[in-house]
Amino acid sequence: AAKFPPGNEKASTSTKSGLLYERLAEGKGEHPGKSYSCELKWDFWKTDGTYIAGSDLVGIMPVIVGRAEHKFLDEILLLMKIGDVMRIEVPDTMTPPRMLRFKTIWRLELMSMKKPIPTPKFQLPKDSELTTTKSGLKYKVIERGDGKGATPRMGGMVEVHYSGWLHDGKLFDSSFERGQSAEF
């Protein structure tokens with residue numbers, strides 16, 4: 001298990017929401033923004049030093065800023081840079097979902113971040129612009145690739161970015177917004 005990071009009250013800063021954080025190592029570059037895809041090395045403990053879990057046990061944590069399951073991450077990631085290592089005291093009111101409520105101590109290291117890819121604008125194509133498959137699916141190619149990649153084969157896997165809209169233009173799903181491509 002990772003070593004419990006003792007706190008230094010004089011080196012700690014408090015946020016409006018009640019997080020208390022201390023920068024243990026200084027990173028470089030810019031801060032991530034909303035919808036950035038980030039990867040974190042992480043560990044967390046009870047305040048008595050009892051280790052609960054971390055990336056050595058279950059892997060690097062992927063997080064999209066603004067959509068974190070652990071809501072305190074949305075706030076703290078905006079303060080971090082690549083390579084930053086922070087110790088964060090998370091009050092019991094911000095305990096991650098599906099956990100018993102108690103104060104936790106986290107050690108986070110921001111390993112990587114990627115800017116989000118803009119979601120394409122909605123375009124309701126005319127029926128004459130649509131291709132219909134044998135199954136009845138209708139689609140329109142918005143932008144053709146360069147043709148240099150392999151052609152998918154029946155039963156093969158492809159990696160794509162996609163967005164889906166209702167006829168009224170309401171977006172119902174988008175890999176762009178999640179910052180993660182999908183495999184089918």
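This section reports on the structure supplied with the text. What you are looking at is a predicted structure, and each value in this text was computed from that prediction instead of being measured.

On to the overall build of the protein, then. What the protein contains, in helices and strands, is three helices and 13 strands. Compactness check: the protein gives a C-alpha radius of gyration of 21 Å against a globular reference of 16 Å for 184 residues, more than 25% above the reference. The principal-axis extent of the C-alpha atoms belonging to the protein is close to 65 × 35 × 35 Å. Going through the 184 residues of the protein one by one, you find that 32% of them count as buried. Partitioning the intrachain contacts of the protein with sequence separation of at least 6 by distance along the chain shows that 61% fall at a separation of at least 24. Accessible area of the protein: about 12,500 Å², with a carbon and sulfur share of 53%.

Our next topic: the packing of aromatic side chains. A full pass over the atoms with the stated rule returns eight aromatic pairs. Ring centres 5.7 Å apart and planes at 65° place the aromatic pair Trp 45 and Tyr 51 in the edge-to-face group. In this pair, the class of Trp 45 matches that of Tyr 51, namely buried. An aromatic cluster is defined as three or more aromatic residues linked by ring pairs; in this entry it consists of Trp 42, Phe 44, Phe 72 and Trp 106.

All right, on to a nonpolar patch on the surface then. There is a patch of nonpolar side chains on the surface, built from Leu 137, Tyr 139 and Val 141 and spanning about 260 Å² of accessible area. Inspection of the secondary structure puts Tyr 139 in strand β9 (residues 138-139).

Along the chain, Asp 84 falls in the loop between α2 (72-77) and β6 (85-90). Residue class for Asp 84 comes out buried when judged on its relative accessible area of 0%. Within the local environment of Asp 84, its side chain forms a polar contact with the backbone nitrogen of Gly 27, the two atoms lying 2.5 Å apart. If near-sequence neighbours (up to four positions away) are discounted, Asp 84 is found in contact with Arg 23, Ala 25, Glu 26, Gly 27, Leu 79, Leu 108, Glu 109 and Leu 110.

On to the nonpolar core, then. Counting 24 residues, the largest nonpolar core has Phe 72, Leu 73, Ile 76, Leu 77, Ile 88, Trp 106 and Leu 108 as the members making the most contacts within it. Breaking this core down by element, the ones donating at least two residues are β3 (37-46), β5 (61-64), α2, β6 and β7 (104-114).

For the coordinates displayed, the defined rule picks out six salt bridges. Ionic pairing is found between Arg 87 and Glu 89, a salt bridge with its closest N-O pair at 2.8 Å. Summarising the burial analysis for this pair, Arg 87 and Glu 89 share the class buried. Here Glu 109 ties to Arg 107 by a salt bridge, and the two come within 3.9 Å at their closest N and O atoms. Using a relative accessible area of 22% as the deciding quantity, one classes Arg 107 as partly exposed.

The next point concerns the pairing of β7. Inspection of the sheet shows β3 paired to β7 by ten bridges, in the antiparallel sense. From the neighbouring strand, Cys 38 faces β7, where its bridge partner is Met 113. Bridge count for β6 against β7 is six bridges, and the pairing is antiparallel. Of the residues in β7, the one forming a bridge with Glu 89 is Ile 105.

Cut-off values and rules
Residues numbered from 1 in each chain as written. Predicted model: local features only at pLDDT ≥ 70, side-chain atom pairs only at ≥ 80, totals over all residues. Heavy atoms only, no water. Helix = DSSP H or I, 4+ residues; strand = E, 2+ residues; numbered from the N terminus. Rg over C-alpha atoms; globule rule 2.2 N^0.38 Å. Buried < 20%, exposed > 50% of the residue type's maximum accessible area, 1.4 Å probe, protein only. Contact = heavy atoms within 4.5 Å. Areas by Shrake-Rupley, 256 points an atom, 1.4 Å probe, with all protein chains shown as cover. Phe/Tyr/Trp six-rings, centres within 6.5 Å; stacked < 30°, edge-to-face > 60°. Patch = residues over 30% accessible without salt bridge, like charges linked within 9 Å, V, L, I, M, F, W, Y side chains within 5 Å. Salt bridge = Lys/Arg side-chain N within 4 Å of Asp/Glu carboxyl O. Polar contact = N/O pair within 3.5 Å; in protein donor to acceptor, adjacent residues only side chain to side chain. Core = buried A, V, L, I, M, F, W, Y, C linked by side-chain atoms within 4.5 Å. Pairing = 2+ DSSP bridges.

In short, the description is geometric, and any link to function would need to be established separately.
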